[in-house]
Amino acid sequence: MLGLLASRIKDYHFEYTECDSSGSRWRVAIPNSAVDCSGLPDPVRGKECTFSCASGEYLEMKNQVCSKCGEGTYSLGSGIKFDEWDELPAGFSNVATFMDTVVGPSDSRPDGCNNSSWVPRGNYIESNRDDCTVSLIYAVHLKKSGYVFFEYQYVDNNIFFEFFIQNDQCQEMDTTADKWVKLTDNGEWGSHSVMLKSGTNILYWRTTGILMGSKAVKPVLVKNITIEGVAYTSECFPCKPGTFSNKPGSFICQVCPRNTYSEKGAKECIKCEEESQFSEEGSSECMERPPCTTKDYFQIHTPCDEEGKTQIMYKWIEPKICREDVTDAIRLPPSGEKKDCPPCNPGFYNNGSSSCHPCPPGTFSDGTKECRPCPAGMEPALGFEYKWWNVLPGNMKTSCFNVGNSKCDGMNGWEVAGDHIQSGAGGSDNDYLILNLHIPGFKPPTSMTGAMGSELGRITFVFETLCSADCVLYFMVDINRKSTNVVESWGGTKEKQAYTHIIFKNATFTFTWAFQRTNQGQDNRRFINDMVKIYSITATNAVDGVASSCRACALGSEQSGSSCVPCPPGHYIEKETNQCKECPPDTYLSIHQVYGKEACIPCGPGSRSTQDHSVCYSDCFFHHEKENQSLHYDFSNLSSVGSLMNGPSFTSKGTKYFHFFNISLCGHEGKKMALCTNNITDFTVKEMVAGSDDYTNLVGAYVCQSTIIPSESKGFRAALSSQSIILADTFLGVTVETTLQNINIKEDMFPLPPSQIPDVHFFYKSSTTTTSCVNGRSTAVKMRCNPTKPGAGVISVPSKCPAGTCDGCTFYFLWESAEACPLCTEHDFHEIEGACKRGFQETLYVWNEPKWCIKGISLPEKKLSTCETVDFWLKVGAGVGAFTAVLLVALTCYFWKKNRKLEYKYSKLVMTTNSKECELPAADSCAIMEGEDNEEEVVYSNKQSLLGKLKSLATKEKEDHFESVQLKSSRSPNI
């Protein structure tokens, strides 16, 4: 009878109906699939809808009572947990989408995402690595409010990771307002939890990779998803392989220790065969121990003894998994070989002991000599310089971490090796081998007080990588123990090189070097010979540093000894007196040394220094002489941040993105006003930085760039910003020349200007170097006068370099605006004179067209002056003309009358001369007749008189020419 009952129970199972409006429900029997049966039990009233069992219990549906879970199982009571990811658990689904509504370069873009999905990896699930949008979805119906909790690892900001919740109407819930998940440190697991409302909750873990010419992104990892708030659990969950529970009523399973294993639902762990097998912690099976090889041991150096010797010691990598008693196995090399110890690092000295100790305050040492005090007028140059690696320095530590297992927990990730420190073996190839350096703060020397935003210190390290696979070295920085950010990374084999990171803030810093031989899932050590070597690490101006040398300092005016005093900002130390003296105008103080006037470096052309001589900047005014004409520019109205959204561009799979640039051209006392941020959601930049001096996703500069993913491109609620970088944080100068400090703007970079007004060029650079830009990035902004573009004008990039740069290191911009025109002068207008009306004349002043100037001098007011009218001058002219005509007539009549008299006399004389016998007339016939003029002393000669000349002109047509001869008188000489 009992057997028949048990058989019938296997034919069906019990479930609860949906809760009605009164909050009650019924328990009903449901036939199992592919079973045809009759005589099912009648429905009975079920437990209230809000009922749930405690942790470690489940609801036995037959009797509707809570019972404890048996051994080998566990229960959360009113929750469910997903911690086993060998395959995708029931209820989860993968959806790969490409929600860009704009057709990109390829019409087959969506097909490229068909193979993109979240991938189970045993202990965790891994997101996609491409630029598709992939959602991991799980739907759960809650009878009461609860929460969802999960652990995750999210280290790459080239992938967007969001977690949000929708209801059954596909509407996002209010509880997911902050859906963007925060980045985690490399190798560290973060946690995220969100409250859930009663009813249907659809959970989304969504990732979108952004691959804009960069390498593949590091995926997001998720594990231990826990959902609390389900009404009941009708069964207990079996412990996953590698775990066990050995007592009833467990709410969690314990992990099997090393060299043991367990299968699913285990009550205890089974030991491996000690001699021939091994297993890691949490293993589901035992593995055979391989023969020992050179990859299974490492060497260390012992501390120096009193004789100055160190011993080379060889040790097996723990836990030891290899066998020495099989064929082809190697033995551990003998230890104890003695070698000379390397010298102490600078700033340390052994003082006859077997170990190196830091020099006392106020003293220095190069590591080979005992510590000595600095001479008078000098102070120790504090910092750290590690170049000998016999032991790990006291402010450094090393560790090993793996995201998927605990193989290397407790191992040393790095090993000292005399003249360098190198990455260790780890537990497997995908371990993170971590090296940390802790410095409590940075400050400038006593004689140099750092100005706001100036360099306080720098860290420099020399390294090389030797790799046969896809190894990566990460250099990360943590400020005030808040968030670790990747500053730079190097993949593959890299030759020996140096890298420098500049410190601008006095804060607690932790610098981390993390090396991973491969990012693929590896449980072995195939690439154990791949390694990174760091030869030296140098940190300047460290708060708790030691000194390897001394530097000059300023002495107080009343001090004759060696007491150093701080110089005010912008002051250098005069060599002759060791006194502080302010730098000359338009110079800035060097951040590396303050001794001598040469420490004051002149600012670039067209720039000036701040009051504290910390930086140079443009005050927005510029002067230029051209062809004996003085041009003055005022860019003050362009001093607010100018922006340019350039694009769109598309990734290989068609993701649309834009390059967004912010430019802080001039002014603001040299403050860097251009801000770029990562992961913009619904907040503005001002809201994000308000009251937050450590907002790590924000960069401030003169010129910066972000990559913008538009909201419609991936179906996001708001545009997203990523990959914010500083293009310029140092101002170099402003000039009309196209070249400054190796920055050259080629003639064909931009179209020719429409006028003869010269373009003005602003030059900037970035102090941060990268592997691709060994000299840092630089920026040139061409300011062009264009009266047709008022106000802020238009910013553009070269057509031949649509991203603003052709090499990724030098960026070019053209900024056209009426505000970029020179100030107006007297050469930019001309005058127009009006007609003289009623004795007054009006003079107007108008601008030359086209107008190529702004502001400056204003047009003069119109001028009114007195004048004489045209009628008056006509009268004067007529009077003068009439007088001249009368005079000419009178003169003509006078000379005509004189000419007639002479003709008469001449003709009479000729007639007398030609009479017969040449008889002369009587003397009295020559007397003056009545009516004739009395012309006395008339003398005739060969020389023509004036009248003669006039007569010759009047009678020039006659050919005969008569000469005048002197006539003898007919009278007797005696008379």
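What comes next is a walk through the structure. As a convention, each chain's residues are numbered from 1 in the sequence order in which they are written. Reporting in this predicted model follows two pLDDT cut-offs: at least 70 for local features of residues, and 80 or more for side-chain atom pairs to be given and counted; totals over whole chains, interfaces and linings ignore these cut-offs and use all residues. Computation of side-chain values covers all heavy atoms of the structure but excludes hydrogens and water.

A few points about unusual backbone geometry
Note the threshold: We count a stretch as a helix when DSSP gives it H or I for four or more residues in a row; a strand needs E for two or more, and each element gets its number in order from the N terminus. Burial classes follow relative accessibility: with a 1.4 Å probe on protein chains only, a residue under 20% of its type's maximum area counts as buried, one over 50% as exposed, and anything between as partly exposed.
Cis geometry marks the peptide bond from Gly647 to Pro648, where omega comes out at 5°. Summarising the element assignment, Pro648 is placed in strand β53 (residues 642–650). Positive phi values are uncommon outside glycine, yet Asn578 reaches one of about 55°. Structurally, Asn578 is set in the loop between β45 (571–573) and β46 (580–582). Exposure remark for Asn578: the relative accessible area of 12% places this residue in the buried category. Backbone geometry places Cys620, a non-glycine residue, at a positive phi of 80°. Among the secondary structure elements, Cys620 is positioned in the loop between β50 (616–617) and β51 (621–626). With a relative accessible area of 3%, Cys620 lands in the buried category.

As for the packing of aromatic side chains
Note the following rule: Ring pairs are drawn from Phe, Tyr and Trp, using the six-membered ring of Trp, whenever the two centres fall within 6.5 Å, and their geometry is named by plane angle: stacked under 30 degrees, edge-to-face over 60, tilted for the rest.
One pass over the structure, following the stated rule, counts 44 aromatic pairs. With a centroid separation of 4.9 Å and an interplanar angle of 90°, the aromatic rings of Phe82 and Phe92 are classed as edge-to-face. Taken together, the residues span a long stretch of sequence, with Phe82 in strand β7 (residues 79–82) and Phe92 in strand β8 (residues 92–97) at a distance of ten residues. Looking at Phe82, the relative accessible area reads 12%, which means it is buried. Among the residues examined, Phe92 registers a relative accessible area of 8% and is labelled buried. With centroids separated by 5.8 Å and ring planes inclined at 75°, the aromatic side chains of Phe150 and Trp205 adopt a geometry described as edge-to-face. Of this pair, Phe150 sits in strand β12 (residues 146–153) while Trp205 is found in strand β15 (residues 199–209), placing the two residues 55 residues apart along the sequence. On the accessibility criterion, Phe150 (0% relative accessible area) is buried.

Structural notes on the nonpolar core
Rules: We define the nonpolar core as a collection of buried residues of types Ala, Val, Leu, Ile, Met, Phe, Trp, Tyr and Cys that are connected through side-chain atoms lying within 4.5 Å of one another. Two residues qualify as a contact provided that any one of their heavy atoms is within 4.5 Å of a heavy atom in the partner residue.
In this structure, Phe511 and Trp513 are the most contacted members of the largest nonpolar core, which totals 43 residues. If near-sequence neighbours (up to four positions away) are discounted, Phe511 is found in contact with Leu435, Asn436, Leu437, Ile439, Phe442, Ile459, Phe475, Met476, Val477, His501 and Ile503. Formed by 33 residues, the second largest nonpolar core is a distinct cluster that contains Val703, Ile757, Phe762 and Val797.

Describing empty space enclosed by the protein
The following threshold applies: Buried and open spaces are told apart on a 1 Å grid over the protein atoms alone, a cavity being a set of points where a 1.4 Å probe fits but cannot get out and a pocket being an open set with protein on both sides within 12 Å along at least five of seven lines. Residues with an atom within 4 Å of a point are the lining residues. Grid points are joined across faces, edges and corners, and a volume is the space filled by probe spheres set on the points. Amino acids are sorted into nonpolar (Ala, Val, Leu, Ile, Met, Phe, Trp, Tyr, Cys and Pro), charged (Asp, Glu, Lys and Arg) and polar (every other residue, Gly among them).
Taken as a whole and judged by the stated rule, the model has two cavities of 30 Å³ or more. Here the second largest cavity defines a volume of roughly 40 Å³. Along its surface, the second largest cavity is lined by Tyr617, Ser618, Ser664, Leu665, Cys666, Gly667, Tyr702, Phe731 and Tyr764. Across the lining of the second largest cavity, the residue classes tally to six nonpolar, three polar and no charged.

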